[in-house]
Amino acid sequence: MAHPDAPHPLRAAAPSRGLAGRHTVPGDKSISHRALMFGALAVGTTEISGLLEGEDVLRTAAAMRALGAEVEQTGPGAWRVAGRGVGGLVEPSDVLDMGNSGTAARLLCGLLAGHPIFAVMTGDASLRKRPMRRVTEPLSATGASFWTREGGRLPLAVRGAAEALPLDYTLPVASAQVKSACLLAGLCARGTTRIIEPERTRDHTENMLRHFGATVRVEDLAPGRLVELEGQPELVAAPILVPGDPSSAAFLLVAALLVPRSRVTVENVGLNPLRTGLFTTLREMGARLTVENARVAGGEPVGDVTAEYGPLRAVEVPPGRAPSMIDEYPVLAVAAAAAEGETRMRGLSELRVKESDRLAATAALLAANGISARIEGDDLLVQGRSGAVPGGGLVATHMDHRLAMSALVMGLVARAPVAVDDAAFIETSFPGFAALVNLAAGGPVIGPA
Ligand SMILES: O=C(O)C1=C[C@@H](OP(=O)(O)O)[C@@H](O)[C@H](O)C1
Ligand SMILES: C=C(OP(=O)(O)O)C(=O)O
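The sections below set out a description of the structure shown in this document. Keep in mind the model is a prediction, meaning the values are calculated, not measured.

## A word on the pattern of salt bridges
1) Next: The tally for this structure, following the rule as stated, stands at 34 salt bridges.
2) Next: With a shortest N-O distance of 2.6 Å, Arg22 and Glu267 are connected by a salt bridge. With Arg22 in strand 2 (residues 20-23) and Glu267 in strand 15 (residues 263-270), this residue pair connects regions lying 245 residues apart in the sequence.
3) Next: Residue class for Arg22 comes out partly exposed when judged on its relative accessible area of 49%.
4) Next: A relative accessible area of 26% places Glu267 in the partly exposed class.
5) Next: Of the charged contacts in the structure, one is a salt bridge between Asp203 and Arg225, with a shortest N-O distance of 3.6 Å. In this pair, Asp203 sits in the loop between strand 11 (192-197) and helix 6 (204-211) while Arg225 sits in strand 13 (residues 225-230), placing the two residues 22 residues apart along the sequence.

Below is the structure:
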């Protein structure tokens, strides 16, 4: 696993020619976690293809095994899960270590809340700083008991409810992880679980619930959404095709938009509209970004996305767009640095509780590379340099994969190479990232620092 004791510094420099070719990126992280969890809760054997074999998802696979499901890899990206049925998970004999993954930890809290078992969960130094009360508090209303460290942090212990009660909960923040945790607990409850989200967030959990045979009702509110789930369904194993992760494709596509003479296609990218806020924003900036071969695969919209180099101009990104591009702000900030004018990204408070404080760390990434940026309240304002990005910085990545990849993308664009102190955490979401960029660049532009 990525180990903080063995940092892995890397450096990126501008390629001598543009980025090119048709490529694929690893499977969607959100869908991969859910595929393993639903597989473990279903009756029968779920065959998954295209699973992300990144460290975050492997943590979920290990946790599902520890809870009694049979989980095996049958080929590259091909996995088989023999489930135990809703309510059938067994007590783990050891601590569940969720590594660097907020999604794994929070969704697992929901699963455990509905099962009458005792479990202890921890994570790495980054995950142990992240807030868990946002799930433990609503989930306590099922009848489950949680004990956490000071401030609602991991490690935590949970004793799940003997007979879980259905939740009726309005989320105070837009979070697909909190929504999903509540719905997973609702699977074990008798009656209807009702969740209201203040803004629409990624709906992979709802899609997968239906795919496995649960009854889910969704009503659009202005601006949020009501989701209702009928409890104690029999989930029936169903094949899952995981699309390429749009949050990973973002790095290659943004690089192609910014490096002169580039044209890159990423095939089979997930295009769920609740994930594509970055693409909307980049088009508003004037990006040449096109989608071909749009289709539905495995219940999710997918397509082949092509990005071509061209000048970008600054825009204002409204706060309501944040849930649909929440993980893409660091790489958008790199695009903003190369654009003409001041880009204003509004309503980014949730960035403070990711793998790092991404608001502060993104501003620091920019500053280290000669870009002037400032944080005003929950907004990030970036002064673009019309293609003339100085670079030359050493970026502190704070155990955060997205900061590491964003900084390396900046190195591809900047006048002087950009180094990162530790690229090891890229393995959580995008194994093979540097090799793929080097392939697209036709040579080793990312290498040892
Ligand atoms: O549900 C999910 O799979 C995710 C939801 C988002 O987190 P929040 O729910 O905290 O916004 C996102 O940042 C994370 O990478 C994955
Ligand atoms: C925030 C992220 O993931 P998680 O919350 O699962 O750690 C991410 O991948 O950018």
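## Structural notes on unusual backbone geometry
1) Next: With an omega dihedral of 0°, the bond running from Leu154 to Pro155 counts as a cis peptide bond.
2) Next: In this structure, Pro155 sits in strand 9 (residues 153-159).
3) Next: Of note, the amide linkage connecting Ala222 to Pro223 takes the cis form, showing an omega dihedral of 5°.
4) Next: Positionally, Pro223 belongs in the loop between strand 12 (216-220) and strand 13.
5) Next: Phi is positive for Ser386, which is not a glycine, with a value near 50°.

What counts, and at which threshold
Residues numbered from 1 in each chain as written. Chains lettered and ligands numbered in written order. Predicted model: local features only at pLDDT ≥ 70, side-chain atom pairs only at ≥ 80, totals over all residues. Heavy atoms only, no water. Salt bridge = Lys/Arg side-chain N within 4 Å of Asp/Glu carboxyl O. Helix = DSSP H or I, 4+ residues; strand = E, 2+ residues; numbered from the N terminus. Buried < 20%, exposed > 50% of the residue type's maximum accessible area, 1.4 Å probe, protein only.

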